[in-house]
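# A structural walkthrough
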Amino acid sequence: DAALTLKGTPFGDVRFLYGDDFTVCTNSGSANLTAEVVLVGHGLSSPDREWDDYADLDVSGKIALIFRGTPDNGYHWGEAGSRDSTLAEAVKRGAVGVVFVTERGSVQGAAVHELYPRVPSLYASSRVLEHVLMNTGWDMKRFTEATKEKPTHLVTGKRMQIRTRVRPVKNGHARDVVAVLEGS
């Protein structure tokens, strides 16, 4: 059971479609919450790599929208740029929900391995990002390009509702396997 809604837009509430616009990460927490959504760039904080998307940003009690991937700033990010690490950073800073967004239009399944029982984590399409950015002075292309060059965040003032009811999967993992050929 899952729902994702951007509240109070000029078009009214925008309800996104499960499977087309978003999916719930394996091992997401369960919640029914409405909070301000803030864009947190890549969701990275690493002084050693000269990057902090959270500088001067308070995500406590908010939904953190995080771009998948890492910046091209000359450092190897490895595990520090993973969904698990960026989710942990957002939760540590008080986010009540996390929405991962990809530049590609389609939604993909995803897993997180650490369970935060009351913090929902979703994977969303670029359509969700386009609606969040509407009337902010940013468009998707400019914002995603900015996040590649320097830590970039945006306090949107917009509210998002997330409803998830998830049964945790012990040792849950996601794999990109579509078929198994016998004898291979």
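For the structure itself, look to the data block above.
Per chain, residues are indexed from 1 in the order of the written sequence. In keeping with the model being predicted, local features are shown solely for residues with a pLDDT of at least 70 and side-chain atom pairs are shown and tallied solely at 80 or more, while totals for entire chains, interfaces and linings include all residues. Remark: hydrogens and water are excluded; side-chain values derive from all non-hydrogen atoms of the structure.

Attention now goes to the packing of helix α2 (residues 126–133) against helix α3 (residues 140–149). Interaxial distance between α2 and α3 falls to 10 Å at its minimum, and their mutual angle equals 100°. The orientation of α2 with respect to α3, classified from their angle, is roughly perpendicular. Judged by residue contacts, Ser126, Leu129, Glu130 and Leu133 of α2 engage Met140, Phe143 and Thr144 from α3. The classification used treats Ala, Val, Leu, Ile, Met, Phe, Trp, Tyr, Cys and Pro as nonpolar, Asp, Glu, Lys and Arg as charged, and all other residues, Gly among them, as polar. Tallied by class, the residues present in the contact of α2 with α3 amount to four nonpolar, two polar and one charged. Under this scheme, a helix contributes an axis fitted over its contacting stretch, all axes are lines through C-alpha atoms, and angles between N-to-C directions fall in the 0 to 180 degree range. Put simply, DSSP marks the helices as runs of H or I at least four residues long and the strands as runs of E at least two long, and each gets a number from the N terminus on. Small angles under 35 degrees read as roughly parallel and large ones over 145 as roughly antiparallel, with 65 to 115 read as roughly perpendicular and the rest as oblique. The criterion used for residue contact is that any of the two residues' heavy atoms lie within 4.5 Å.

Looking now at α2. Among the eight residues in α2, six count as buried, and that is most of the element. Directly after α2, the chain includes Asn135, whose backbone phi takes a positive value near 65°. Each residue is placed in one exposure class: buried if its accessible area under a 1.4 Å probe, protein chains only, is under 20% of its type's maximum, exposed if it is over 50%, and partly exposed if it falls in between.

Right, let's get into the sheet that holds strand β10 (residues 154–164). In this description, strands pair whenever DSSP reports at least two bridges between them. Sheet architecture is open: eight strands sit in the order β2-β1-β10-β4-β7-β8-β9-β3, paired in mixed fashion. Strand pairing shows two members of the sheet lacking a second neighbour, β2 (12–16) and β3 (22–24), which therefore form its edges. The average undirected angle you get between the axes of adjacent strands in this sheet is 30°. Note: β3 against strand β9 (residues 121–124), three bridges, orientation antiparallel. Bridge pairing links Val24 to Leu122 in β9. In this fold helix α1 (residues 83–92) packs onto β7 (63–67), β8 (97–101) and β9, with an angle of close to 145° to the strand it touches most, β8. Along the sheet face, α2 touches β1 (2–9), β2, β4 (31–39), β7, β8, β9 and β10 and points at about 135° away from the line of β10.

By salt bridge we mean one thing: a side-chain nitrogen of Lys or Arg within 4 Å of a carboxyl oxygen of Asp or Glu. Under the definition given, this model contains six salt bridges. The partner of Asp1 in a salt bridge is Arg163, with the nearest N and O atoms 3.0 Å apart. Taken together, the positions of Asp1 in the segment before β1 and Arg163 in strand β10 put the pair 162 residues apart, joining distant regions of the chain. Overall, the relative accessible area of 32% leaves Arg163 in the partly exposed class. Notably, a salt bridge pairs Arg93 with Glu89, separated by 2.6 Å at the nearest N-O pair. Looking at Glu89, the relative accessible area reads 14%, which means it is buried. Each of Glu89, Lys92 and Arg93 takes part in salt bridges that share partners, so that together they form one network.

Direction of pairing for β1 relative to β10: antiparallel, over a ladder of six bridges. By the bridge assignment, Thr5 is partnered in β10 with Gln161. Looking at chain direction, β1 and β2 are connected through four bridges and run antiparallel. Pairing of Leu4 across the sheet is with Phe16, part of β2. From the end of β1 to the start of β2, which pair antiparallel, there are two residues.

This part is about α3. Working note: α-helix, 3.6 residues per turn, so residues spaced by three or four point in the same direction. For α3, the set of buried residues is Phe143, Thr144, Ala146 and Thr147. Seen end-on, α3 carries its buried residues on one side only, within an arc spanning 155°. Exposed positions of α3 whose direction lies more than 90 degrees from the buried face are Lys141 and Glu149. Next to the buried residues of α3 lie β4, β6 (51–52), β7, α2 and β10. By the N-cap criterion, in which a side-chain oxygen at the helix start approaches the backbone nitrogen of a residue two or three places on, α3 is capped by Asp139, the distance to Lys141 being 3.2 Å. For this quantity, the arc is that covered by the directions from the helix axis to the C-beta atoms. Under the rule applied, a polar contact is a pair of N or O atoms within 3.5 Å (in protein, one hydrogen donor and one hydrogen acceptor; residues adjacent in sequence only if both atoms are side-chain atoms).

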